[in-house]
Amino acid sequence: MSESTPSNQATIDVASAETQTHEPPNFHHVDEFGNTKQLSEADKLASEQAVSNFQESFKLALKEFPNHTENLNLERINGFLESHGIKSTPFQVIDDNELPLLGELYKQTLTDNGLGNLYAPEDFDPDKNTKKGWHDPLTGQTFVVRNHMREIENGPEFTESIIVHEEFHAASEHDDMVIAHDEEGNVIHAAKARVGLMSPDKDLPFGKGRKAPNYFLEEAGASYFEGQYKKECTPTRLKSLLDPDRKAGVPYEYTNFEGGEVVVQNAYGTAGYAMELMIDARPGLLDAVVESRRSAQGLRDVARIINDIKPGLYSALSRIDPTLFHEENLEIIRGAIEGREDGGHEILRTENNPDGHVEDGFISHRDRITHRAANPKRIKSRLGSIARKAFQNSR
């Protein structure tokens, strides 16, 4: 943050984003195991219409919900995003005590559109949802939870940087939707087929207990930009206090004050720093990560550039849970960048794979972080191909 006082009147120009016309999304219908679901055209249309009606109804209802952007420098956020080629999209800032109210609005709108069984109460329970913000892959809406106690310690840049993080996810221009059905054809889940680098099938019934492909890289990218915003905007006074000796294991821009202690900014902060190390080693990766918001070429370039650091590194990173990526893993990234023989070979050491077991540099089938849900039937998800095909005509 510059030392000057941010303008309270600054706003991100979201009018164009709200009025842009888009082609209707392609819908992909699957069963609870991710296989293509055979439905009549009438049943397909009915479920697609219900999802579309819910999205539009919730968007309208949200306009009546308070948006707490006071004392946040929205003009600066917009300028930062624009300078990095990241599209600004509408977002909702709520106070932490308003999470249950937002949940009630979400639940009622789902119910009104015949989708009440999609409501997940834990998402709006303050005791269970500890997220500072999230991009909802069903509605396409972005939410940031404003924590005033953290702002007292870290300044408004704390919340502003979270907005930047979530705007990185929201800038994904992929609109294809996946609708999952039970045996009777009832809708049991719906979500975007892809958010940037990530295919969020972890939230679908057949994905329970596993993380989505490229969950690590998508969150690492968002956390990288969150950190870069703080690096540019944090007041000098605060920078001098934020762990100059890197006791948290990462630079100050990936840390926050919490209860007087310096902590890594979020569950993905170390992953964000890992992305920074790779970008420093291969500068073209930065443009590729941004381009992955909108094209298949961006996705291909991310894979190519990371594999140029070390063959197989992209595949390994695509299967890691970023919440389990800690300081010791950074040395593995450095080893891969420096070309050390062991670099990258222990990158998969997590609580699901405590020994870092690999075969030829890759995690073994039995130890995969992105493991299959516990189910007697072999899951043959087709979402990976759906998400890839969704970008074929994007350029």
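Right, let's walk through the structure included here. Here, residues in each chain are numbered from 1, in the same order as that chain's written sequence. The predicted nature of this model means local features are confined to residues of pLDDT at least 70 and side-chain atom pairs, given and counted, to a pLDDT of 80 or more, with totals for whole chains, interfaces and linings taken over all residues. Each side-chain value is worked out from all heavy atoms of the structure, with water and hydrogens disregarded.

This next bit is on the overall build of the chain. Put simply, DSSP H or I for four residues or longer makes a helix, DSSP E for two residues or longer makes a strand, and each gets a number counted from the N terminus. Across its full length, the chain holds 14 helices and 10 strands. Buried positions account for 55% of the 395 residues belonging to the chain. Partitioning the contacts of the chain with sequence separation of at least 6, the portion at a separation of at least 24 is 67%. Summing over all exposed atoms, the chain offers an accessible surface of approximately 18,300 Å²; the carbon and sulfur share of this is 46%. Each residue gets one of three labels from its accessible area relative to the maximum for its type: buried under 20%, exposed over 50%, partly exposed in between, using a 1.4 Å probe on protein chains only. We call two residues contacting when some pair of their heavy atoms lies within 4.5 Å. Residue-level accessible areas treat just the shown protein chains as cover; the underlying method is Shrake-Rupley with a 1.4 Å probe.

Trans is the prevailing form of peptide bonds, just as negative phi is the prevailing case for residues other than glycine. Non-glycine residue asparagine 71 carries a positive phi angle of around 65°. Within the fold, asparagine 71 resides in the loop between helix H2 (41-62) and helix H3 (74-83). Asparagine 71 gets classed as partly exposed once you look at its relative accessible area, which sits at 42%.

For valine 289, the position within the fold is in helix H10 (residues 284-291). Between the alpha carbons of valine 289 and alanine 303 there is a distance of 9.8 Å; along the sequence they are 14 residues apart. If sequence neighbours within four positions are ignored, valine 289 has contacts with Phe168, Met275 and Val302.

Residue position: threonine 139 is located in the loop between strand S3 (133-135) and strand S4 (142-146). A distance of 2.8 Å separates polar atoms of two side chains, one belonging to threonine 139 and the other to aspartate 136. The contacts of threonine 139, once residues within four sequence positions are left out, are Phe54, Gln55, Phe58 and Tyr106. Here a polar contact is recorded for every N or O atom pair within 3.5 Å, except that within protein the pair must consist of a potential hydrogen donor and a potential acceptor, and residues adjacent in sequence are included only if both atoms are side-chain atoms.

Relative to each other, H3 and helix H7 (residues 215-233) sit at 120°, their axes nearing to 11 Å. In this view, H3 runs oblique relative to H7, as classed from their interaxial angle. Relative to H7, H3 is oriented so that their crossing is right-handed. Between H3 and H7, the residues in contact are Arg76, Ile77 and Phe80 and Phe225, Gln228, Tyr229, Glu232 and Cys233, respectively. Classification used: nonpolar for Ala, Val, Leu, Ile, Met, Phe, Trp, Tyr, Cys and Pro, charged for Asp, Glu, Lys and Arg, polar for all others including Gly. Of the residues that constitute the contact of H3 with H7, the class distribution is five nonpolar, one polar and two charged. All axes here are fitted lines through C-alpha atoms, helices being fitted over the stretch that makes contact, and every angle between N-to-C directions spans 0 to 180 degrees. Put simply, angles under 35 degrees are roughly parallel, angles over 145 are roughly antiparallel, angles from 65 to 115 are roughly perpendicular, and the rest are oblique. Each helix crossing is assigned a hand: it is left-handed if the near helix lies turned anticlockwise from the far helix by less than a right angle, otherwise right-handed if that turn is clockwise.

On to the sheet that holds strand S2 (residues 92-95). One open sheet accounts for three strands, arranged S2-S4-S3; its pairing is mixed. In this open sheet, the two edge strands, each paired with only one partner strand, are S2 and S3. On average, each strand axis in the sheet is tilted by 20° relative to the strand beside it, whichever way the strands run. Two strands pair when backbone bridges link them, and S3 and S4 are joined in this way by three bridges, in the antiparallel orientation. Bridge pairing links histidine 135 to threonine 142 in S4. Packed on one face of the sheet, helix H4 (residues 99-112) meets S2, S3 and S4 and runs near 125° to S2. Relative to S4, helix H6 (residues 157-170) is tilted by about 165°, and along the sheet it contacts S2, S3 and S4. A pair of strands is labelled paired if DSSP reports no fewer than 2 bridges between them.

Moving on, we get to H10. Turning to H10, its buried residues are Leu285, Ala288, Val289, Val290 and Glu291. Each element contacted by the buried residues of H10 is listed here: H6, H7, helix H9 (269-281) and helix H11 (296-309).

Moving on: the packing of H2 against H4. Two elements in contact, H2 and H4, have axes separated by 9 Å at closest approach and are oriented at 145°. In the packing of H2 onto H4, the handedness of the crossing is right-handed. In this structure, H2 contributes Phe54, Ser57, Phe58, Ala61 and Leu62 to the contact, and H4 contributes Leu102, Leu105, Tyr106, Thr109 and Leu110. Each residue belonging to the contact of H2 with H4 can be placed in one class, and the counts come to eight nonpolar, two polar and no charged.

As a rule of thumb, nonpolar side chains are buried together in soluble globular proteins. Residues belong to one nonpolar core when they are buried, are Ala, Val, Leu, Ile, Met, Phe, Trp, Tyr or Cys, and are joined through side-chain atoms within 4.5 Å. With 51 residues, the main nonpolar core has Phe216, Met275, Met278, Leu285, Ile306 and Leu317 as its most contacted residues. Counting residues per element, the ones that place at least two in this core are H3, H6, H7, H9, H10, H11, helix H12 (313-317) and helix H13 (327-338). For this core, the element with the most residues is H7, which contributes eight residues.

Here asparagine 35 shows up in the loop between strand S1 (27-30) and H2. Overall, the relative accessible area of 25% leaves asparagine 35 in the partly exposed class. Residues asparagine 35 and alanine 180, spaced 145 residues apart in sequence, show a C-alpha to C-alpha distance of 9.2 Å.

By this rule, a helix spans an expected 1.5 Å times one less than how many residues it contains. Over its 14 residues, H6 extends 19 Å from the first C-alpha to the last, a length consistent with the 20 Å expected when each residue adds 1.5 Å. The buried count for H6 comes to 14 of 14 residues, which makes it a mostly enclosed element.

Across the sheet, which stays open at both edges, the three strands sit in the order S1-S5-S6 with mixed pairing between neighbours. Two strands bound the open sheet, and with one partner strand each, they are S1 and strand S6 (187-192). Across the sheet, the axes of successive neighbouring strands diverge by a mean angle of 20°, strand direction being ignored. Pairing of strand S5 (residues 177-181) with S6 involves five bridges; the strand directions are antiparallel. Paired with valine 178 across the strands is alanine 191, a residue of S6.

All right, on to the pattern of salt bridges then. For this analysis, a salt bridge means a side-chain nitrogen from Lys or Arg found within 4 Å of a carboxyl oxygen belonging to Asp or Glu. Counted under the stated rule, the structure contains 11 salt bridges. In this structure, lysine 44 and glutamate 41 form a salt bridge, with 3.7 Å as the shortest nitrogen-oxygen distance. Of this pair, lysine 44 and glutamate 41 both sit in helix H2, separated by three residues, roughly a single helical turn. Taking the relative accessible area as the measure of exposure, lysine 44 reaches 23% and is therefore partly exposed. Given a relative accessible area of 59%, glutamate 41 falls into the exposed group. Note that arginine 294 is salt-bridged to glutamate 291, the shortest N-O span being 3.1 Å.

Honestly, it's all geometry; don't read function into it.
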